[in-house]
Amino acid sequence: MPELPEVETVRRGLLPAMEGRAILAAAVNRPDLRWPFPERMADRLTGAQVLALRRRSKYILADLSTGETLLIHLGMSGRMLVSGVMLGEFHHDHPAPEKHDHVVLSMEGGARVTFNDARRFGAMDLYPTGDTHWLLKGLGPEPFGNDFNETYLAARLHGRAAPIKALLLDQRVVAGLGNIYVCEVLFRAAIDPRRAAGSLTAPQAAALVPLIRDVLAEAIEAGGSSLRDYRQTGGELGYFQHAFRVYGREGEPCVTPGCTDTVTRIVQSGRSTFWCPSCQH
């Protein structure tokens, strides 16, 4: 499932093709993905101008001139592909339609934006701008926002018996973090992922905030992590997976200088956790 850096990378890739431009035509090629599409979605999108292209947690939000917002969730295999527009020095011609091109937006300026999703776990919906979509209700603060700070996180972890990894994955605590980046953050923080969240000292909790931001910023700069189906809007791979220090490195030597241990994998709440038993306490 794409996490915050992958979704932010896609949003940035869509900006030159969508923000400030009108949707000249919309084609919806099936009635649903994970959930049914809203009624008359193609008609409601056609002619609308994209006023702003935002991200909330793992969702892309396109505010439209019609007073509605288009919510986009990539799911496990969803891809937003841009063609027919100059992106830097590269021009991506329109490819032939593919079987899983479920929504196609022909944009002012000649770009075509295609939502391709082979497994159909993604979603698109329309809702009144200014309202809170049901998928966004209860989300915690954004990691890069002012509301996510040392005082806030220490308060959310205080007295909690759940493992620290589970708390950081809880979208009600902080929005957008997923399994990959939580593993990387806890390694850098030298914190055992099994440790009770409430057992962290105030300095340890405070230190997590800049580490979370650093890991996410580095991943965004690298274009995200291309695992399985994820790609950028032009089809390119993301490269942060080459900088993983623990994720997916089971049995490999720990990268900490002087450590002779190897990376271990355990399962927490059905998710793989990668960590170094010698470095993380």
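It should be noted that the structure appears before, not after, this text.
Every value quoted in this text rests on a predicted model; they were computed, and no experiment measured them. (Residues numbered from 1 in each chain as written. Predicted model: local features only at pLDDT ≥ 70, side-chain atom pairs only at ≥ 80, totals over all residues. Heavy atoms only, no water.)

Once that is clear, we can look at the pattern of salt bridges. All chains considered together, the criterion is met by 14 salt bridges. As a salt-bridge pair, glutamate 68 and arginine 44 come within 2.5 Å of each other at their nearest N and O atoms. With glutamate 68 in strand E4 (residues 68-73) and arginine 44 in helix H2 (residues 41-45), the pair connects residues that are 24 residues apart, well separated along the chain. Using a relative accessible area of 16% as the deciding quantity, one classes glutamate 68 as buried. By relative accessible area, arginine 44 is classed as partly exposed at 21%. Bridged by salt links that share partners, the residues Glu8, Arg11, Arg12, Arg55, Arg56 and Glu142 form one connected network. (Salt bridge = Lys/Arg side-chain N within 4 Å of Asp/Glu carboxyl O. Helix = DSSP H or I, 4+ residues; strand = E, 2+ residues; numbered from the N terminus. Buried < 20%, exposed > 50% of the residue type's maximum accessible area, 1.4 Å probe, protein only.)

Phi at arginine 120 is positive, roughly 60°, even though this residue is not glycine. Along the chain, arginine 120 falls in the loop between strand E9 (112-117) and strand E10 (123-128). In this structure arginine 120 comes out as partly exposed when scored by relative accessible area, which is 33%. For serine 269, which is not a glycine, the phi torsion comes out positive at approximately 50°. Here serine 269 is to be found in the loop between strand E11 (264-268) and strand E12 (271-275). Judged by relative accessible area, which is 77%, serine 269 ranks as exposed.

With that settled, the discussion passes to the layout of surface pockets. Approximately 270 Å³ is the volume found for the second largest pocket. Lining the second largest pocket are 14 residues, with Lys58, Tyr59, His73, Leu135 and Gln171 positioned closest to its centre. Classifying every residue of the lining of the second largest pocket gives 6 nonpolar, 4 polar and 4 charged. (1 Å grid on protein atoms, 1.4 Å probe; cavity = no way out; pocket = protein on both sides within 12 Å on 5 of 7 lines; lining within 4 Å. Points joined across faces, edges and corners; volume = space filled by probe spheres on them. Nonpolar A, V, L, I, M, F, W, Y, C, P; charged D, E, K, R; others polar.)

Further remarks concern the pairing of E12. Here 5 bridges tie E11 to E12, and the two strands are oriented antiparallel to one another. Within the sheet, the bridge partner assigned to valine 267 lies in E12 and is serine 272. The loop that links E11 with its antiparallel partner E12 comprises 2 residues; one of these, serine 269, has a positive phi angle of about 50°. (Pairing = 2+ DSSP bridges.)

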